[in-house]
Structures are given as structure tokens and as C-alpha cells.
Amino acid sequence: MLYDVPQETLPRDELEALQLRRLRQLVDKVYYNVPFYRKKFDERGVRPEHIRTLADVQLLPFTEKQDLRNNYPFGLFAVPRDNVVRVHASSGTTGKATVVGYTARDVANWADLMARSFVCAGGSRRDIVHNAYGYGLFTGGLGMHYGVERLGATIIPISGGGTRRQVMLLRDFGATVLCSTPSYALYLYETIIESGIDVTDLKLHTGIFGAEPWSEKMRAEIESKLRIKALDIYGLSEIMGPGVAMECREAQDGLHLWEDHFLMEIIDPKTGEVLPEGATGELVLTTLTKEAQPLLRYRTRDITRINAIPCKCGRTHRRITRIQGRSDDMLIIRGVNVFPQQIEAILLETQGITPHYELILRREGSLDTLEVKVEVDEQLFSDEIKHLQRIESTIQKNIKEFLGVTAKVTLSEPRSIQRSEGKAKRIIDLRHS
Amino acid sequence: MKVEQISVFLENRAGRLAEVTKILAQGGINIRALSLADTSDFGILRLIVTEVEKAKDLLKAGGFTVGRTNVVAVEVADRPGGLHSILEILGAGGVNVEYMYAFVTQSGQNAVLIFRFDRTDQAIEILQAAGVRILSGPELYAL
Ligand SMILES: [Zn+2]
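What you are looking at is a predicted structure, and each value in this text was computed from that prediction instead of being measured.

Participant: Just to check I follow, could you spell out the side chain of A:Lys290 for this structure?
Facilitator: Tracing the backbone shows A:Lys290 in the loop between strand S11 (280-287) and strand S12 (298-307). Ignoring anything within four residues of it in the chain, the contact list for A:Lys290 reads A:Lys29, A:Val100, A:Gly101, A:Tyr102, A:Asp106, A:Glu238, A:Ile239 and A:Met240.

Written as C-alpha cells, this is what we have:
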């Protein structure tokens, strides 16, 4: 099902014409209304009229998270403060929060895009939505909330915390859609079991998960435990909030990025160069319709790639693949960009499991070397040398084939690396020591 | 007629083998037979011990990755040609030996060969049909 058939299935040429029209309006607007951008344009000798094609977006300056902090709190507003009806902010773990303002039309567009995303996930106005995203300055809760209301489904604004009570209400209200972070969904499941509730007593059929990195493995786990279809949603507060891109239920293979409202590019995070379609790199977004706080070429730091293959759901908006990591984690090995998550994906594909691993970078002479240490657990272990050697060589071959890097794969004993969620220090870079 | 063997993954680092034997000694477990197969960066230690379950638990608690496999223990006279005749029987039966190791009993009269086959049940049938003496676990531990 589609929420907005004309917009979601707009032929590519019309979609791109719309993008260009909106981009040119945007550039005019920020040049004359946002001193920060005007200064950047002038420094680069760029004038709004230089933007004649979509590719000319490359003439424009990037915007970084730090720019938002430097202009804290309202310095990047492109409209008088009177026109701003809502403010969200992300809690900066380091330094100042990043603040985002919305006009009434921004809030309405967001609700529309969120409703579009919700239907894209297989939701409809008959659904009861258990929204466990946090409400408040964080965009997750309210973003989902207004989208569901816009569609006309029933929203339960449960927010975060109080998990035992959540489980009870989840059952009693007969919620059909769960919105939360993927790790919270698994935590909810454990609490459901602890509460003596049978999963089959719940009416859930769909989960919309985002706001933190997750994997296909985690998806499989959530789907089988909660007996739902789990779909990936993407968004970030600087750009809007949840609903920038959404995976469709039909294909469950990548997220349609709503290109009528956002212009996407993939760049090399080190050089800033725009990469050809299909290459993996950092996602850069330009807001095409935001009024209060439009951003040009915002560097999301999220690593993904564009999939331009037409989707079986009929939407013409191109897809991005599941976020593969943060550009800050990128390693350059002999000139090749490598993300630890790509190696993790290869290990998962090669072995069907995610073993614990460690990447060790060394410099031998003038050459970088990569060693992938893979812990041998009971699933991987065999009493035969040749089986273990085959594992080593298969991983090595796949890393070479998919990433273009030669790695030495070493099997190692289980060791006590920190194993908290995704925070394990998996990279040891000895090249500059 | 199968015997359980435990195998332990070892990195090629000094002291790892000693760590295994220490853990087993402290647990009061006797090692009846032992073989180490290694490559340039790792090794697999294979052990026949008196208490398989306990040995496995102790080693796992000690941070090792431990596996269990069924192997076949064959007793042959400790004289020239003893091993060769067994291999001939197996070869004629079309069974592959993945690996093997041997030890001599305390009496010194007989040798015990530990075999890991690709098709264990078939191998046992062939050996029994040829009149080869296969040792059970208890028999092996009692040697
Ligand atoms: Zn689709």
C-alpha cells in the first residue's frame, strides 16, 4: 500500500525536475536569510544562480554537526523566530546540543512523511500503534506520533521506560504495530516472557525500528521471537527526525529515501568527493522543503550506499542500504576505504554467525597490513585442521573479493574483550605507534 | 564402541599447552592419550581423558574452546606391521582416516591407535568384521 501514490511513484525525470526546482528555491532562500550560508557562498564565490542542474549541488558547501553547535541555539534559522512552532534538540554527549526548529509547514510535512513511512512499513489506519520511542526533545516519539495521527491510526504514546507496564498495555490494548529501538524490542520480548505472557496472545504484526544501528541477524531474531515483520526506519533530528527513509514491506531490502523532500549524495568521507551511484560512503543530505532550518549538504556521518534498482513495491524513490556504520570508524588500508561493519557482514555471511573479531592494522615498511583476528567459539571450532584452515581462507578470499583488501586472517582463542552492545574496541591501529 | 575425545583450540603461544595440562591435573583428571596438530598460527590439541564431561567443563571455565568428537580406539600388537595391517583393512573398505595417533600401553605389549574417521560407524563394522580388537571407553581408561 502507498500513502501518497502520485508523489511516491513520480517518474524519475519528474522527480528530479521537482528536486531541481526546490533546490534552486532553497539556495536563494538560505543565501538571503542565513548569514552563515551567505558567508560560505561568498567565500567560495558561489551565487544562487550558479545552481542550474542537480549536479551543481556539488558547488555548495557542506554543513557539519559542528556548524549547528557553533550557531547554537537559533543561529541557523531561515525564518523569523515567530514562525517557529517547535524546537527539538539532540543531547550532545560532548559539547552543546544541536538544536532544530520547525515551522507549522515543517511539522505538517514531517507528519506526512511519517505517515508515508508508516504505510510503507505495512501499517494502515486500522492499526493500534505502541510507540515506545522517547517523547520530548528527542524527535523519535513525537515524529512517529504525528505521522500515525495524520494517517488516522490509533497511537499509544507510551514513550520509554516502565517496561513491565508497557508489556501489560501492549497486550491489553491489542497493539498491532510496535515502534521502538531494535534493542528495546528484544528487551520487551524478555519482559513479555518473564511476565508469563504468551507471544501468540499479542496482536502485533509489524515493528518499525530505528534510532540505533542494527543488523540482519538482529532482525531475524526480533522477527522470530515477536512473530512480526521488522522494518528499518531512518532519520536524524538535524534533517527532520524519523521518516527520512523507510524500508518497504514488499521488498524488505533497503530504505526508500523520500527524494521529493531530501536530496542525497554519497561522498568519500575523507576527501569529500561525490562517489558514483552504488558506491559505499557517507550519506549527505540537503533538505529541499524545510523552512525553519534548511540544511545544505549535511554530513550525516552515516555510511550507506544508494540502490537505484527499481523496487517491486512501485515506489520510484531510490533506496539506501541499511546503515553500515559511522564514517568516523572508517579505516583506510592501502588507499581502500574499509568499514569494520563490512568485515562483520562478511564474517556473518561466511560463517552464518557473527564471531567476535578484532582488526589489527600495522605498517610494515611503507605498506599497511590488516590482520583480522577471529575468535574460535564452539560453533566455529572443529577437531580437524583442514576445516579451520578452510574457514581462514574463505574469509580471506571474501574480504579480498568484496572489499579489495588483502587481509591475514588469524583464528584466536576466546579472550575477554569488552562485550557490551557494539561498543567493543574492535580496532587496534598500530600504524602510527 | 566409540570413544569420546575432547579437542581444544590453542593459539601458537608459549605456555598454552601447559595451561591445559595444569587445569586437568588440578581437576584430578588423567590424560590417557594426547596429540597436538598445529599450523603456523594455531593448533588443535586432542585428548583422551578419564572424565570427559568434567574435563570439558574445567577447560571451558578456563577460557578454552572445547569440542567433543567420537573416535575409535584399536588395539594392535606392538610389533612391525601392526599399523600397516589396520590401514590395509580400512583402505580396502573405502574408509578415510581424517587423522590418527598412537600410544603404547603400560605393559608395553600392545599399542593403541586412536582413529578419527569420516564415517565412523562403517569403519567400526569393517574393523570388527576383520577381527580387529576395538576398545570401549572403560577399557581404554583402565589400561
Ligand atoms: Zn520498495
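Now, onward.
Participant: What exactly am I supposed to notice about the sheet that holds strand S17 (residues 357-364) of chain A here?
Facilitator: Within a beta sheet, neighbouring strands are joined by backbone hydrogen bonds and run either parallel or antiparallel to one another. Residue and element names in this part refer to chain A. Strand order in this open sheet of four strands is S19-S18-S17-S20, and the pairing throughout is mixed. The sheet terminates laterally at strand S19 (407-412) and strand S20 (427-429), the two strands that pair on one side only. Adjacent strand axes in the sheet meet at a mean angle of 20°, parallel and antiparallel pairs treated alike. Looking at chain direction, strand S18 (residues 367-375) and S19 are connected through six bridges and run parallel. Across the sheet, Glu371 pairs through a bridge with Lys408, a residue of S19. Here helix H11 (residues 385-403) sits on the sheet in contact with S18 and S19, set at roughly 145° to S19.

Participant: Even after reading the chapter, I still don't get the packing of aromatic side chains, so can you show me in this structure?
Facilitator: For any pair of aromatic rings, the description consists of the separation of the ring centres together with the inter-plane angle of the planes. Going through the model one piece at a time under the given rule, you end up with 10 aromatic pairs over all chains. Between A:Phe381 and B:Phe9, the ring centres sit 6.2 Å apart and the planes meet at 85°, which makes this aromatic pair edge-to-face. Of this pair, A:Phe381 sits in the loop between S18 and H11 while B:Phe9 sits in strand S1 (residues 3-11), placing the two residues on different chains. Through a chain of ring-to-ring contacts, three or more aromatic side chains come together here, namely A:Tyr31, A:Tyr32 and A:Phe41. Seen from the ring of A:Tyr102, A:Lys290 lies directly overhead, with NZ or CZ sitting 5.2 Å from the centre. In this arrangement the basic side chain of A:Arg299 is found over the ring face of A:Phe62, its NZ or CZ atom lying 5.5 Å from the centre.

Criteria and thresholds
- Residues numbered from 1 in each chain as written.
- Chains lettered and ligands numbered in written order.
- Predicted model: local features only at pLDDT ≥ 70, side-chain atom pairs only at ≥ 80, totals over all residues.
- Heavy atoms only, no water.
- Helix = DSSP H or I, 4+ residues; strand = E, 2+ residues; numbered from the N terminus.
- Contact = heavy atoms within 4.5 Å.
- Pairing = 2+ DSSP bridges.
- Axes fitted to C-alpha atoms, helices over the stretch in contact; angles between N-to-C directions.
- Phe/Tyr/Trp six-rings, centres within 6.5 Å; stacked < 30°, edge-to-face > 60°.
- Lys NZ or Arg CZ within 6 Å of the ring centre and 35° of its normal.

Everything listed here is a matter of geometry and, on its own, says nothing about what the molecule does.
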